[in-house]
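Structural overview
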Amino acid sequence: MSIEVKNLSKYYGEQAAVNDITFSIGKGEIIGFLGPNGAGKSTTMKMITGFIPATEGSIHVCGIPVSVDSIETRKRIGYLPENNPLYLDMYVKEYLEFVGKIYKVKNLKERVKEMIQLVGLEVEQNKKIGMLSKGYRQRVGLAQAIIHNPDVLILDEPTSGLDPNQLVEIRELIKRIGKEKTVMLSTHILQEVEAICDRVIIIRKGQLVADNLASNLQVATDNTQVVYVEFDRIVAKNLLQKIPGVSKIERVSDSRYLIESQSVDDLRKIVAQFAQQHNLLILTLRTEEKSLEKVFKSLTK
Ligand code: ADP
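Heads up: these notes are all about the structure in this document.

Rules and cut-offs
- Residues numbered from 1 in each chain as written.
- Predicted model: local features only at pLDDT ≥ 70, side-chain atom pairs only at ≥ 80, totals over all residues.
- Heavy atoms only, no water.
- Buried < 20%, exposed > 50% of the residue type's maximum accessible area, 1.4 Å probe, protein only.
- Helix = DSSP H or I, 4+ residues; strand = E, 2+ residues; numbered from the N terminus.
- Arc of directions from axis to C-beta.
- Contact = heavy atoms within 4.5 Å.
- Patch = residues over 30% accessible without salt bridge, like charges linked within 9 Å, V, L, I, M, F, W, Y side chains within 5 Å.
- Areas by Shrake-Rupley, 256 points an atom, 1.4 Å probe, with all protein chains shown as cover.
- Salt bridge = Lys/Arg side-chain N within 4 Å of Asp/Glu carboxyl O.
- Pairing = 2+ DSSP bridges.
- Axes fitted to C-alpha atoms, helices over the stretch in contact; angles between N-to-C directions.
- Phe/Tyr/Trp six-rings, centres within 6.5 Å; stacked < 30°, edge-to-face > 60°.

Attention now moves to helix α10 (residues 267–277). Side chains of residues three or four places apart in an α-helix project in the same direction, reflecting 3.6 residues per turn. Buried residues of α10: Leu267, Ile270, Val271, Phe274 and Ala275, and no others. Projected down its long axis, α10 carries its buried residues within an arc of 135°, all on one side. The exposed set on the far side of α10, more than 90 degrees from its buried face, consists of Lys269, Gln276 and Gln277. Turning to α10, the residues buried within the fold contact β11 (225–231), α9 (237–240), β13 (256–261) and β14 (282–288). Trailing α10 by a residue or two, Asn279 shows a phi angle of about 50°, which is positive.

Laid out in structure tokens, this is it:
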């Protein structure tokens, strides 16, 4: 196991920010650590990275107990903290060399060059960090997190505050880097989990409320499938109601519809067959992933 957390708690005075949580993350997994603001995500991550001590429970990283040897576990962890604290007056290259020195990285110049290429900072490498956009600062944050080639990456809200284009780019980068590492990524954004993660751990008020494959979580709790479809002409509602298993139809505009079904068969196929039978052309057909959102809401309410 890359990360093993057992009966972990953290108290701030009387308040339990993290309350008796247990989970483990296998080598190579990409885990979404999901929960509303204040759920205890950052606190958990700070304990795993050894930045704050646990009140109770144990944490092992690559088999090493954090409470006994956090210097060793830190060597195996790359950490991008929330809000990515950086030295804004330092130059990109200078900063990465500075971090590399702390980790005693060998062939440092070469390694920094490699990192700059990997995260796409070639053009910005001679700029001051303070001059960079938020998206590029995140790239610097990711580069410093992996410069010592750790096995485990802990990313605390890595895409918060990014614009839609930066968001896609940073997600792609995390996916690319994550291919060779174990990644634990916290977020309060569901789409993030859907875009990047294999498994999702949901936390609410310091307690673990779900731990499952993202796909299982959707199927286990709710069979509802929703598709967005645009036909080449308006279709009468009573005709659409003949689609097998259909439970709800909503006309979005003109000839565009949201169709909801409880069928176990793939709703896209069913709609395609229906269109063929009634000489309709499909101009757009898209699955709407609504169920994970429902699960999240019901678990964290
Ligand atoms: P999340 O990362 O999910 O938004 P946090 O781990 O930051 O949640 O916070 C969990 C709870 O612990 C919140 O209620 C927060 O106010 C509280 N908390 C976090 N850090 C401290 C601290 N240093 N002192 C007191 N309370 C804290």
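From this point on, the discussion continues.
The next subject is a nonpolar patch on the surface. A contiguous nonpolar surface patch, about 400 Å² in accessible area, is contributed by Tyr87, Phe98, Ile102 and Tyr103. Among the residues examined, Phe98 registers a relative accessible area of 34% and is labelled partly exposed.

One open sheet holds the four strands; their spatial order is β12-β13-β11-β14, and the pairing between them is antiparallel. If you trace the sheet from one side to the other, it starts and ends with β12 (246–253) and β14, each paired once. When strand polarity is set aside, the average angle formed by the axes of neighbouring strands in this sheet is 20°. Of the strand pairs in this sheet, β12 and β13 are connected by six bridges, and their pairing is antiparallel. Each residue of the ladder has a partner; that of Ser253, found in β13, is Arg256.

Another point: the packing of aromatic side chains. A full pass over the atoms with the stated rule returns seven aromatic pairs. Between Phe51 and Tyr79 the ring centres are 5.2 Å apart and the planes differ by 55°, which places this aromatic pair in the tilted class. One end of the pair, Phe51, is in the loop between α1 (41–48) and β4 (56–61); the other, Tyr79, is in strand β6 (residues 77–80), with 28 residues separating them in the sequence. With relative accessibility at 51%, the residue Phe51 sits in the exposed group. Centre to centre, the rings of Tyr87 and Phe98 are 5.8 Å apart; their planes meet at 80°, and the pair counts as edge-to-face.

Turning next to the sheet that holds β4. The antiparallel open sheet is built from four strands, whose spatial order is β2-β1-β4-β5. With partners counted over all chains shown, the strands left at the sheet margins are β2 (15–25) and β5 (64–65), one partner each. The pairing of strand β1 (residues 3–12) with β2 spans seven bridges and is classified as antiparallel. What sits directly across from Tyr11, in β2, is Ala16. Sheet strands touched by α1: β1, β2 and β4. Its angle to β1, the strand with the most contacts, is close to 120°.

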